[in-house]
Amino acid sequence: MQRIVLHVDMDYFFAAIEEREKPDLQGKAIVVCMLSGRSELSGAVSTCNYIARESGIRAGMSCSKAKKLNPEAVFLPVRKDFYTSVSDRVMEILRSYADVRETGEAFEQISIDEAFLEITEKTGGDFNLAFEIGTQIKNEVKDKEKLTCSVGVGPNKLIAKMSSSVQKPDGITVISPGKLENFLWPLKVSKLWGIGNVTAGKLQEMGIVTIKDLAEHDVIDLISTFGKTRGI
């Protein structure tokens, strides 16, 4: 039976919750900051909505820089306990869709706003049914929590996670085994889960830009550069 994994990623989670709680924020650039308390905007951006991102604001950026990029944006402090309570409810929804098996849980929460679900048994390995389940998840989360999420469906965790970002926000992308090469080959290696800027830079120096380049590159050369564990 073909394995099927879903990756569910909540859309701009913290900022989306703030929009939900304060309807007057709708249509405005929202920036949620982890503030240090040293000054009004001393700290870093935790997340922001898509309107704020259009100004170039990104997670990890200093709040003061974000303010310069968009002086009209609304800056809010992180409310971690509240976001966690919302996350707990969302995760219970997601958990209810995962396969039930004796050998271990088919549900894996990997952060406050994302999780993997294996649904191989529930779908019988049918990717069309997986699309329907992904759609049901999106609808239930939206109905119960008034929040959107993006869903990726694939034959393993890596593909599911990569595909969930294809149609953000509020999208669903299914990558069945027959679509793997068309999906993966054109993408830059930096899109691979676990490859950061430093590794991507080294790969580029080796002439490896796309995932197709990486797949076709000599394994011995990769091992000599990155070591046996990472090279393979």
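Quick summary incoming for the structure in this document. (Residues numbered from 1 in each chain as written. Predicted model: local features only at pLDDT ≥ 70, side-chain atom pairs only at ≥ 80, totals over all residues. Heavy atoms only, no water.)

1. What about the packing of helix α4 (residues 80–95) against helix α6 (residues 127–145)?
Between α4 and α6, the least distance of the axes is 10 Å, while the angle of their chain directions is 145 degrees. Between α4 and α6 lies a crossing whose hand is right-handed. Across the interface between the two elements, V86, R89, V90, I93 and L94 from α4 touch I137, E140, V141, K144 and E145 from α6. Here the contact of α4 with α6 is built from residues that sort into six nonpolar, no polar and four charged. (Axes fitted to C-alpha atoms, helices over the stretch in contact; angles between N-to-C directions. Helix = DSSP H or I, 4+ residues; strand = E, 2+ residues; numbered from the N terminus. Left-handed = near helix turned anticlockwise from the far one by under 90°. Contact = heavy atoms within 4.5 Å. Nonpolar A, V, L, I, M, F, W, Y, C, P; charged D, E, K, R; others polar.)

2. Here we look at the environment of M162
If you trace the backbone, M162 turns up in helix α7 (residues 157–164). When the C-alpha atoms of M162 and I175 are compared, they prove to be 9.6 Å apart, with 13 residues separating the residues in sequence. When neighbours within four sequence positions are excluded, M162 is seen to be in contact with F183, L184, L187, K191, L192 and I211.

3. Observations regarding unusual backbone geometry
Going from K168 to P169, the amide bond is cis rather than trans, its omega being -5 degrees. Positive phi, close to 35 degrees, is recorded for Y12, a residue that is not glycine. Tracing the chain through its elements places Y12 in the loop between β1 (5–10) and α1 (13–21). The phi angle at D170 is positive, at roughly 65 degrees, despite the residue not being glycine. Within the element layout of this structure, D170 appears in the loop between α7 and β8 (172–174).

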